[in-house]
Amino acid sequence: MHEVSLAGGVLAAVEAAAERERFARVNVLRLEVGRLAGVEVDALRFALEAMTPGTCLAGARIEIAEPPGRAWCMNCHCDVSLAARGDPCGRCGSYWLQPNGGTELRIVDMLVDDA
Amino acid sequence: MCVVCGCDNPGDRHDHQHGHAAPDAHVHADASNGDLHYGLGPAGVTVHGIDQGRTVRLEQDVLGENNRHAGHNRQHFAAHGVRALNLVSSPGSGKTTLLCATIAALRERAPDLPVGVIEGDQQTANDAERIRAAGAPAIQVNTGKGCHLDAAMVAAAYGRLPLHDHAHGDSPGHSHSHDHNHEHEHGDSHSHAHSHAHSHAHSHAHSHSHDHEHGHEHGHVHSHDHSHTHAHAPAHAGAPQRPHSVLFIENVGNLVCPAMWDLGEDAKVAILSVTEGEDKPLKYPDMFSAARLMIINKIDLLPYVQFDVERCIAYARRVNPSLQVIRLSATTGEGVDAWLDWILQGGAAHDPLAERISALEAELASLRALRQRDGDAA
């Protein structure tokens, strides 16, 4: 499953940062996974928790923010919320939508310990 | 005055949790007597609401590493006039058969056009064998447990295709950029010979060769970075240009994961056969949004199945209003000409100006939304 690949990517990025910034342990890891990013958050959390023992992420609290989906409706010229791709505009019913929020998949920051 | 919170009731045993910032995140203030305790952290007493440590801001895209490789691939393909197409679909949609038919048809239409294929599957080299039998070079990438190809795999496979040499031979008047990342992890000690030769006979001739002997101890990770920089004048943007070569990447049969993994391709082509459900585009919106072209395959079977082509196209346009569609049958050849046109004209068979306009409209839309959101927040 690709959430495992994504978790691997997160771990690799954190370990690279640990070497660069010289910290030993992460206490809190903050991620952003938008509702339109196509990622199953529970699966990602599960995969991360499975991979962290023995790494600098062991024991870290993982906080995952899930920004809501938003899109610009090119029919009624409004910014609207979008629960899922393929949904119509909540105001006018058109499908002519350009997603512009909730597509993030990123590591925001971490609270780390140097010792 | 209380030394912890500066309030005026030093005699009282008062709670210091009244909204002031702790002098130092590592300090725990004892509420009963005002004692300050340093150095307590997760190993000792945990203080509710105060986290230890310094913040390291990353703000990094999780797929950043893959996107970096994809960016290199894309630059390389653009510099060498390679039309790279990422074919995605469910297993069994007819991708490989379509590719074999395409290779044969391209040989008729454009016999001098080099074609190569990167085949992705969990296991077996069956598909690559079929492609080679059809007359095009192919490299099989077996992902093992993996469910999609990633950009690094594509870079490695592309480097092994004779297409790669063609591209260098046929493009005069430029220098090129080349990133060879070799990573080796070895559990046992053994020696490893590695050679790589590269030469160009054209106006900016340069040759480049490496010979490496490696003896490794176990647990040793070894990586090389070979790069030389690159300047290239791209052909005028927007005009459909005939490619110097075509690279087909047949992704692992999976309508979910490949949508997220950029390989550096020109375009994703989603293949849907009429023996599947016509509502697939609604069920797998991420994939159909990410694709530029949808091929409806096996149309020769339409008389025997309940598949409403117009409804399928309407569903697909719901998740992706600018999706292009080609209907074809790899076995009878119907529609294959239109597909070849699309490949050779860079998928701009309809109107490059319209494409530019919609790209600008999308950008304008995003900016307007940002402004509106800021306006709402104010």
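Refer to the structure above for everything that follows.
Rules behind the numbers
- One numbering rule holds for all chains: residues counted from 1, following each sequence as written.
- Naming scheme: in the order in which they are written, chains are lettered from A and ligands are numbered from 1.
- Restriction of local features to residues with pLDDT of at least 70 applies here, the model being predicted, together with a cutoff of 80 or more for giving and counting side-chain atom pairs; totals for whole chains, interfaces and linings are based on all residues.
- Side-chain metrics rest on all non-hydrogen atoms present in the structure, leaving aside hydrogens and water.
- Here a strand is any run of E in DSSP of at least two residues, a helix any run of H or I of at least four, and the numbering for each starts at the N terminus.
- Three labels apply to residues, based on accessible area from a 1.4 Å probe with only protein chains included: buried if under 20% of the type maximum, exposed if over 50%, partly exposed otherwise in between.
- To measure how exposed things are, a 1.4 Å probe is used in the Shrake-Rupley method; for residues, cover is taken only from the protein chains shown.
- A side-chain nitrogen of Lys or Arg and a carboxyl oxygen of Asp or Glu constitute a salt bridge if their distance falls within 4 Å.
- What a helix is expected to span follows from its residue count: subtract one and scale by 1.5 Å.
- Any two strands are treated as partners once DSSP identifies two or more bridges connecting them.
- Throughout this description, the term nonpolar core refers to a set of buried Ala, Val, Leu, Ile, Met, Phe, Trp, Tyr and Cys residues connected via side-chain atoms within 4.5 Å.
- Whether two residues are in contact is decided by their heavy atoms: any pair within 4.5 Å suffices.

**Some thoughts on the overall build of chain B**
At step 1: Within chain B, the secondary structure is distributed over ten helices and 14 strands.
At step 2: Residues classed as buried in chain B amount to 43% of the 378 residues present.
At step 3: Entry remark: accessible area of chain B is about 19700 Å², with carbon and sulfur atoms responsible for 49%.

**What about the pattern of salt bridges?**
At step 1: A complete count under the given rule lists 25 salt bridges over all chains for this structure.
At step 2: Close ionic contact of A:Glu63 with A:Arg30 constitutes a salt bridge, the shortest N to O distance being 3.7 Å. Of this pair, A:Glu63 sits in strand 2 (residues 61–65) while A:Arg30 sits in strand 1 (residues 25–33), and the two are 33 residues apart along the sequence.
At step 3: With its nearest N and O atoms 2.6 Å apart, the salt bridge here joins B:Lys280 to B:Glu276.
At step 4: Overlapping salt bridges bring together A:Arg30, A:Glu32, A:Arg61, A:Glu63, A:Arg106, A:Asp109, B:Arg57 and B:Glu59 as one network.

**Some thoughts on helix 1 (residues 64–79) of chain B**
Residues and elements named next belong to chain B.
At step 1: Taking 1.5 Å as the rise per residue, helix 1 with 16 residues should run 22 Å; its terminal C-alpha atoms sit 22 Å apart, in good agreement.
At step 2: Where helix 1 is concerned, the buried positions are Asn66, His69, Ala70, Asn73, His76, Phe77 and Ala79.
At step 3: After helix 1 finishes, the residue Gly81 shows a positive phi value of roughly 65°.

**Quick notes on the pairing of strand 4 (residues 82–89) of chain B**
Residues and elements named next belong to chain B.
At step 1: Of all eight residues that make up strand 4, eight are buried, and the element is covered over most of its length.
At step 2: Burial of strand 4 is two-sided: the residues Val82, Ala84, Asn86 and Val88 facing one way and the residues Arg83, Leu85, Leu87 and Ser89 facing the other way are all buried.
At step 3: Pairing of strand 4 with strand 11 (residues 245–250) involves six bridges; the strand directions are parallel. Bridging from a neighbouring strand, Leu85 pairs with Phe248 of strand 11.

**Some words on the nonpolar core**
The tendency in soluble globular proteins is for nonpolar side chains to be buried side by side.
At step 1: One finds A:Leu6, A:Val26, A:Leu29, A:Leu31 and A:Met110 to be the most contacted residues of the largest nonpolar core, which totals 34 residues.
At step 2: Contributing elements (two or more residues each) for this core: helix 1 (2–21), strand 1, helix 2 (41–51), strand 2 and strand 6 (105–113) of chain A together with strand 3 (54–61) of chain B.
At step 3: Among the elements that make up this core, the one with the highest residue count is helix 1 of chain A (eight residues).
At step 4: Setting aside anything within four residues of it in sequence, one finds A:Val26 in contact with A:Val14, A:Cys56, A:Leu57, A:Ala60, A:Met110, A:Leu111 and A:Val112.
At step 5: B:Cys100, B:Ala105, B:Val117 and B:Val246 belong to the second largest nonpolar core, which has 33 residues in total.

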